[in-house]
Each structure stands twice: as structure tokens, then as C-alpha cells.
Amino acid sequence: MFSHLIPAAKDPILSQSLACLQDARTNKLDLGVGVYRNEQGVTPVLQSVKRAEERLLNTQESKGYVGLAGCERFNNAMIELLLGENSSRSRAVAVQTPGASGALRLLADVIVMANPSAKIWMSDLSYANHAPIMKTAGVEVAYYPYFDPQTKMVNETAMLATLSTLGKNDVVLLHGCCHNPTGADLSYRAWQSITEMANAQGFLPFIDMAYQGFGDGMEEDAAGFRYLAERVPAYLVASSCSKNFGLYRERTGLAVIASDTLQQSECIKSRIMECARSSYTMPPDHGAAIVRTILEDQALKEFWLTEVTQMRQRIQGVRSSLVDAMKIQTGTHQFDFIAQHKGMFSVIGASADQVTRLREQFGVYLVDGGRINLAGLKESDVPFLAGALSEVMAP
Ligand code: PMP
């Protein structure tokens, strides 16, 4: 049965992390894998999560099955977090999923079910797993221009020019905030233009919201998406609790569907649940129970928001320290863009050779394509990183 199988290609991000772990040097840096670490280099369990877990331990009375859509209280609380008072809430429904990855896959499945010739357009560059998930589900993948390697910002003119050619068979995948891998986010003006285009041309916006709260704030990070959500007839969202709740391994996410009418949204939801039924059936409960416990309790929610603010501010602090250190090292403003980027990552423009040199000469591990995880960097490691980067990358 299996004799002809060859091993899968190594995951580009996870294999870097493993290589760093095996590196015997003490002053090495793993800036590859996308997890937040604190100043002690630890990916902490949030205190708000601990408190929610204590409550669950004391009050949970059953481990019986929950249901194909997961916990509806979680779904509703997450819809509120994403949409606020947005008018599209009245036609938005959701399914709890194993992480945003699960949501991406289920939404891809339902796209194929609805329209086998649909094409999904993603940013060039995009999250490393976007294309594999879409392709495995059977959705054709195409790219719109996004990251400008010169300015390290979004080339919105080129992006909008491509989107202006799309129509009813097209799905446009947008990062809600904190673009992975580039760190370069869309302007509010671009969200407005995309909204107009979606309405005029009929393409379906599909938003991946994996880092809400890590850019400018919980509400601020959703502003562009909410503008769009209020105005387009239909949209999809894949949302993650991995980063902002620190629940990476609990696999906690959400697929949101908003169509023209609530009835239509419910119909799509039922087909998504059908897809879930024939794969994992039901999502794991623990992470969702934690999130629901936090979001339904105003005091605990406030406490969680302060923890997210602390994480966000630490990342912003690291960004500005690195920019300052690079100014001193290079005597230029070449790396100022790092402070303008949002969220955990920045693509810094290192070539394949430079990535190799950083790894071999300095023990600095970044993902091919030159993505660094600022959220994995300690303030105390900034001078070392700045030294390595300026030696390898400064002209
Ligand atoms: N989308 C993006 C843009 C991501 O960066 C990630 C994870 N790094 C995911 C989705 C998947 O997240 P999850 O852990 O919730 O599956």
C-alpha cells in the first residue's frame, strides 16, 4: 500500500526552528516560528487564561460532545469581538474550528462545493500555509501584487489594479491586520477601494484575522474589515485565538459566514458542518471554553485586553529598539520600515544567501524569504541581532 510513498518535504518554518534547537551555540536566535515570547523567552499562558481554566475546572460538569458547530456561546462571543456593533452581524453566523487553519480549510471546502471553478487570489507574499490549504481543498490559487520589496510597504496601486479585473468567480483573501509574513498592512483607504470593487464586480472577500489586537488595538485592527463587512453582500472570515489568547496548541478558531440573508448564511453553515462531520466531526472544546469564559465576563475580558496590550506594546518596543540600533549600526534609515510594520513579523528583504549567512555565521534563524518574528525577540537580544543584520545586509 505505502511502498511508493516518499517522505513529505520539510516544513520551511518548523524545520528552521528544529535546526535552531539543535544548534549548540548559546547566543543563537530563533526568529522563525510564529509564536509570541516574553522578555524571558517564554511563550506564556496568559493569566486571564489561567483564571478561566480555574473556573472551568471547578464548574465544568460534563465532557459530553458539544456539537458540529462547536460551542455557540463561543461563536457568538467571537462574532462580537470581530464585528463589534457592525450591521452585518444580523446575517453573520459562525462555526468553531480547530484553529484558523481549520477555518481556512472548511471555508475552502464550501467554496469548492458552491463553485468548483472559483479561483482564490492571495497576496504575493502570503502566509506559507494559505496556498497549500486552498490547493488541497481543490481551489485554484492566483496571486495579486502586494509587497513592494523596495519600500517594504504595500503596493496598493498594483494590488488594486489586479483586483479591478476580478469578478463573480473570484475570491479575494485579505489579511485582516498584521500581515503574515510581511508586516505591511493595507491602509483604510485601500479597504474602502476593495469594498467598492467587491460591490461593483461581485468578487467574494475572504478575511484571515489571525492577529486581532497585535497591531494597533483590538478595535483598531478590525476597522478596515468592519468597513467592508458593513457594505458587501457576502464575506467569509477565518479567525484565530492562537496569538491573542496565547492558545496555540488548543487549536481554537472560528469560521464566519455572512451572506445576503441570515437564511443563506445558515444554509452555508450547514454545509460547513457537513464538511466538518466527514473529517474531524467536532472541534476540541477546551480552548473555546476558555475564550467564552473570558469574553462573557466583563472584568475578565478587561484583564485579558490589558494582557494583549502588554504583548502588543512589547512587540512595538522591540520594533523601535531594533530600528534605533540599526540606525546606529548602519548610519542610515534603511531599516526604519520595521517600526511601520504591524504585528509579529517583518519581511526585511534578506536574500537567500543572506539568510544562510545569518544562520551559519551568527546562529540567527529566519524563514527563507527573510521573515523575522519580532515577537520572538528579547530587548536584550536587539544589539546582537542589529550587529548581525548590519554586517550581513548593510551596503
Ligand atoms: N492565518 C495566518 C495569517 C496565520 O499566520 C496563521 C498561523 N500562524 C494561521 C492562519 C493559522 O492559525 P491557527 O494556529 O489558528 O491555525
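None of the values given here were measured: they were computed from a predicted structure. (Residues numbered from 1 in each chain as written. Predicted model: local features only at pLDDT ≥ 70, side-chain atom pairs only at ≥ 80, totals over all residues.)

## Description of the overall build of the protein chain
Part 1: The helix and strand inventory of the protein chain stands at 14 helices and 11 strands.
Part 2: Relative to the compact-globule value of 21 Å for 395 residues, the protein chain shows a C-alpha radius of gyration of 21 Å, a close match.
Part 3: Expressed as lengths along the three principal axes of its C-alpha atoms, the size of the protein chain is roughly 60 × 55 × 55 Å.
Part 4: Among the 395 residues that make up the protein chain, the fraction classed as buried is 47%. (Helix = DSSP H or I, 4+ residues; strand = E, 2+ residues; numbered from the N terminus. Rg over C-alpha atoms; globule rule 2.2 N^0.38 Å. Buried ≥ 20, exposed ≤ 12 C-beta atoms within 10 Å, placed from the backbone.)

## Structural notes on the sheet that holds strand β2 (residues 92–97)
Part 1: Pairing in this open sheet of seven strands is mixed, and the strands run β2-β8-β7-β6-β5-β3-β4 from one edge to the other. With partners counted over all chains shown, the strands left at the sheet margins are β2 and β4 (140–145), one partner each. The mean inter-strand angle of the sheet, taken between neighbouring strand axes irrespective of direction, is 25°.
Part 2: Summarising the sheet, strand β6 (residues 204–209) and strand β7 (residues 235–240) pair through four bridges and their orientation is parallel. Bridge assignment links phenylalanine 206 to a residue of β7, and that residue is leucine 236. (Pairing = 2+ DSSP bridges. Axes fitted to C-alpha atoms, helices over the stretch in contact; angles between N-to-C directions.)

## Regarding the packing of helix α6 (residues 156–163) against helix α7 (residues 188–201)
Part 1: In the contact formed by α6 and α7, the axes pass within 11 Å of each other and the chain directions differ by 10°. Here α6 is positioned roughly parallel relative to α7, judged by the angle of their axes. Contacts from Glu156, Leu160 and Leu163 of α6 reach α7 at Ala190, Ser193, Ile194 and Met197. (Parallel < 35°, antiparallel > 145°, perpendicular 65-115°, else oblique. Contact = placed C-beta atoms within 7 Å.)

## What to know about the site of the ligand
Part 1: Lining the immediate environment of the ligand, one finds Gly34, Gly99, Ala100, Ser101, Tyr127, His175, Asn180, Asp208, Ala210, Ser240, Ser242 and Gly253.
Part 2: If you tally residues by element for the shell around the ligand, the top one is helix α4 (residues 99–114), at three residues.
Part 3: Across the shell around the ligand, the residue classes break down as three nonpolar, eight polar and one charged. (Near = placed C-beta within 6 Å. Nonpolar A, V, L, I, M, F, W, Y, C, P; charged D, E, K, R; others polar.)

## Structural notes on the domain arrangement of the protein chain
Put simply, an interface is often sized by how much accessible area is lost when its parts join up.
Part 1: Segmentation of the protein chain into domains returns domain 1 (12–45 + 301–393) and domain 2 (65–296).
Part 2: The straight-line distance from the C-alpha centre of domain 1 to that of domain 2 is 27 Å.
Part 3: Here the side of domain 1 that touches domain 2 gets seven residues from one element, more than from any other, and that element is helix α11 (residues 298–330). (Domains from an automatic or database assignment.)

## Remarks on the environment of arginine 314
Part 1: Relative to the assigned elements, arginine 314 resides in helix α11.
Part 2: Along the primary structure arginine 314 and alanine 19 are separated by 295 residues, whereas in three dimensions their C-alpha atoms are 26 Å apart.

## A look at the packing of α7 against helix α8 (residues 223–231)
Part 1: One way to put it is that α7 packs onto α8 with a least axis distance of 9 Å and a crossing angle of 20°. One finds that α7 runs roughly parallel with respect to α8. In this structure, α7 meets α8 at a crossing whose hand is right-handed. In this structure, α7 uses Tyr188, Trp191, Gln192, Ile194, Thr195 and Asn199 to contact α8, whose residues at the interface are Ala223, Gly224, Tyr227, Leu228 and Arg231.
Part 2: Its residues assigned to classes, the contact of α7 with α8 comprises six nonpolar, four polar and one charged. (Left-handed = near helix turned anticlockwise from the far one by under 90°.)

## A closer look at unusual backbone geometry
Part 1: In this chain, aspartate 124 is followed by leucine 125 through a cis amide linkage whose omega measures 10°.
Part 2: Of note, the phi angle at threonine 281 is positive, near 70°, even though the residue is not glycine.
Part 3: Tracing the backbone through its elements, the reader meets threonine 281 in the loop between α9 (262–277) and α10 (286–295).

## Section: the confidence of the model for the protein chain
Parts of the model with low pLDDT should not have their predicted coordinates read in detail.
Part 1: For the protein chain, the average pLDDT comes to 96, and 100% of its residues sit at 70 or higher.
Part 2: Predicted complex, confidence summary: ipTM 0.99, pTM 0.97. (pLDDT = per-residue confidence, 0-100.)

## Observations concerning the pairing of β2
Side-chain positions along a regular strand alternate between the two faces of the sheet.
Part 1: Judged by how many residues are buried, β2 sits mostly within the fold: six of six residues are covered.
Part 2: Burial of β2 is two-sided: the residues Ala92, Ala94 and Gln96 facing one way and the residues Val93, Val95 and Thr97 facing the other way are all buried.

## Description of the environment of leucine 228
Part 1: Tracing the backbone shows leucine 228 in helix α8.
Part 2: A count of 23 C-beta atoms within 10 Å places leucine 228 in the buried class.
Part 3: When the C-alpha positions of leucine 228 and serine 88 are compared, they lie 9.7 Å apart, and in sequence the two are 140 residues distant.
Part 4: Leaving out residues up to four positions away in the same chain, leucine 228 has contacts with Trp191, Ile194, Thr195, Pro205 and Tyr235.

## Side note on α4
Given 3.6 residues per helical turn, the α-helix brings residues three or four places apart onto the same face.
Part 1: Helix length check: α4, at 16 residues, gives a terminal C-alpha distance of 23 Å against a target of 22 Å (1.5 Å per residue), a fit within 8%.
Part 2: For α4, the buried fraction is high: 12 of the 16 residues fall into the buried class.
Part 3: Within the span of α4, buried status applies to Gly99, Ala100, Gly102, Ala103, Leu104, Arg105, Leu106, Leu107, Ala108, Asp109, Val110 and Ile111. (Expected span 1.5 Å × (residues − 1).)

## Quick notes on the nonpolar core
Part 1: Counting 117 residues, the largest nonpolar core has Leu107, Val171, Ala255, Val256 and Val291 as the members making the most contacts within it.
Part 2: Top contributing element to this core by residue count: α4, with eight residues.
Part 3: Each of two domains, domain 1 (12–45 + 301–393) and domain 2 (65–296), supplies a minimum of three residues to this core.
Part 4: Non-local contacts of alanine 255, meaning those with residues more than four positions away in its chain, are made with Ala94, Val95, Thr97, Ala103, Leu106, Leu107, Ala238 and Ile272. (Core = buried A, V, L, I, M, F, W, Y, C linked by C-beta atoms within 7 Å.)

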